Amino acid sequence: MPQYLLVAHDGDAPNALEKRMEVRPRHFEYARRMKAEGKIIVGGAQLTDDGKMKGSAVILNFEDENGLQEYLNNEPYILEGVWASYTITPFRIADLS
């Protein structure tokens, strides 16, 4: 099953962190559902040097690009403008066993 690395950056607006915190409960609700369905493998926040959230990184797992696009079309951080930009890169988790 294809895997993808999503790297997202929050906007530079003075209230970017406040916007993230406002949308975060909806983002987490969606992310938990995607994790339960096996579509999110792992994800987390990118941090500034002083520990404030400034973006995200997520490893995703979808049957095809249509599933990936559906995820993106419903991601609250995208819909509500928290992520100012993001990139999607095909990815493969290494078998380290």
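Let me sum up the structure you'll find in this document. (Residues numbered from 1 in each chain as written. Predicted model: local features only at pLDDT ≥ 70, side-chain atom pairs only at ≥ 80, totals over all residues. Heavy atoms only, no water.)

This paragraph deals with the pairing of strand S2 (residues 40-47). Two strands pair when backbone bridges link them, and S2 and strand S3 (residues 53-61) are joined in this way by seven bridges, in the antiparallel orientation. Within S3, the position partnered with Val42 by the bridge is Ile59. Hairpin connection from S2 to S3: five residues lie between these consecutive antiparallel strands, with Gly51 at a positive phi of about 85°. (Pairing = 2+ DSSP bridges. Helix = DSSP H or I, 4+ residues; strand = E, 2+ residues; numbered from the N terminus.)

Here we come to the packing of aromatic side chains. Evaluation of the coordinates by the stated rule reveals three aromatic pairs. Taking 5.7 Å as the distance between ring centres and 10° as the angle between the ring planes, the aromatic pair formed by Tyr30 and Tyr71 counts as stacked. Here Tyr30, found in helix H1 (residues 16-36), pairs with Tyr71, found in helix H2 (residues 65-74); they are 41 residues apart in sequence, far enough to count as distant. For Tyr71, a relative accessible area of 1% corresponds to the buried category. (Phe/Tyr/Trp six-rings, centres within 6.5 Å; stacked < 30°, edge-to-face > 60°. Buried < 20%, exposed > 50% of the residue type's maximum accessible area, 1.4 Å probe, protein only.)

Next up on the list: the sheet that holds strand S1 (residues 3-10). The strands making up a sheet are joined through hydrogen bonds of the backbone, oriented either antiparallel or parallel. Spatially, S2-S3-S1-S4 is the arrangement adopted by the four strands of the open sheet, whose pairing is antiparallel. Edge positions in the open sheet fall to S2 and strand S4 (83-91), since each of these has one partner strand only. The sheet shows a mean angle of 15° between the axes of neighbouring strands, taken without regard to direction. Bridging between S1 and S3 involves seven bridges; their strand directions are antiparallel. Its bridge partner lying in S3, Gln3 is registered against Asn61. Along the sheet, H1 contacts S1, S2, S3 and S4; its crossing angle with S3, the most-contacted strand, is approximately 15°. (Axes fitted to C-alpha atoms, helices over the stretch in contact; angles between N-to-C directions. Contact = heavy atoms within 4.5 Å.)

Regarding H2, the residues found buried are Gly67, Leu68, Tyr71 and Leu72. Down the axis of H2, the buried side of the element spans an arc of 140°, and every buried residue falls inside it. In H2, those exposed residues whose orientation departs by more than 90 degrees from the buried face are Asn66 and Glu70. On its buried face, H2 is in contact with S1, H1, S2, S3, helix H3 (76-79) and S4. At the N-terminal boundary of H2, the capping side chain belongs to Asp64, with an oxygen 3.0 Å from the backbone nitrogen of Asn66. (Arc of directions from axis to C-beta. Polar contact = N/O pair within 3.5 Å; in protein donor to acceptor, adjacent residues only side chain to side chain.)

With that settled, the discussion passes to the side chain of Glu75. Among the secondary structure elements, Glu75 is positioned in the loop between H2 and H3. Look past the residues within four positions of Glu75 in its chain and what remains in contact with it is His27, Tyr30 and Trp83.

Counted by the stated rule, this structure contains four salt bridges. With its nearest N and O atoms 2.7 Å apart, the salt bridge here joins Arg20 to Asp10. Here the residue Arg20 occupies a position in helix H1, and Asp10 occupies one in strand S1, the gap between them amounting to ten residues. For the pair formed by Arg20 and Asp10, the shared burial category is buried. Lys52 serves as the salt-bridge partner of Asp50, at 3.6 Å between the closest nitrogen and oxygen. The exposure class of Asp50 is exposed, given its relative accessible area of 55%. (Salt bridge = Lys/Arg side-chain N within 4 Å of Asp/Glu carboxyl O.)

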